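Close look at the chain arrangement
So you can see what is in the structure, the chains are spelled out below.
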Amino acid sequence: MLEEAHRLQAEGHDVVVGYFEPHGRTDTIAKMEGLELIPRRRVEYRGREFEEMDTNAILARHPEICAVDEFPHTNVYRGRNEPSAGKT
């Protein structure tokens with residue numbers, strides 16, 4: 001994903017990374033160099049704090065392309081695209 005983001009950026013496309021989870025892999029972290037990362041937003045849920053992709057910030061930034069890592073992901077309840085009540 002990050003290599004493709006670099007390729008598209010090199011072609012002149014406006015590319016950002018909307019969500020990135022490096023899992024501590026230094027080689028993966030190094031691939032982020034030169035790419036714009038949209039900071040995550042913090043969401044409180046059931047007394048705990050979580051970090052979520054900041055969809056509003058991505059939409060406000062209005063990039064041509066937004067790369068997203070960890071796509072199979074459940075949003076925290078009360079997020080922008082929250083799951084149905086009771087399905088957390």
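So, here's what we can say about the structure. Just so we're clear, the structure is a prediction, and the values are computed from it rather than from any experiment.

**A closer look at the nonpolar core**
Membership of the largest hydrophobic core is limited to 9 residues, which are Leu2, Ala5, Leu8, Val15, Val17, Phe20, Met32, Leu35 and Ala67. Within the residue set of this core, elements represented by two or more residues are helix H1 (2–10) and strand E1 (15–19). Looking at this core element by element, the count peaks at 3 residues for H1. Setting aside residues no more than four positions away along its own chain, Met32 makes contact with Leu2, Val17, Phe20 and Leu37.

**What to know about the environment of Glu36**
Here Glu36 shows up in strand E2 (residues 36–37). With 20 residues separating them in the primary sequence, Glu36 and Val16 have C-alpha atoms 4.9 Å apart. Apart from residues no more than four positions distant in its own chain, Glu36 is found in contact with Val15, Val16, Val17 and Arg61. There is a polar contact of 2.9 Å between the side chain of Glu36 and the side chain of Arg61.

Reading guide: rules and limits
- Residues numbered from 1 in each chain as written.
- Predicted model: local features only at pLDDT ≥ 70, side-chain atom pairs only at ≥ 80, totals over all residues.
- Heavy atoms only, no water.
- Core = buried A, V, L, I, M, F, W, Y, C linked by side-chain atoms within 4.5 Å.
- Buried < 20%, exposed > 50% of the residue type's maximum accessible area, 1.4 Å probe, protein only.
- Helix = DSSP H or I, 4+ residues; strand = E, 2+ residues; numbered from the N terminus.
- Contact = heavy atoms within 4.5 Å.
- Polar contact = N/O pair within 3.5 Å; in protein donor to acceptor, adjacent residues only side chain to side chain.

Worth remembering: the numbers are spatial, not functional.
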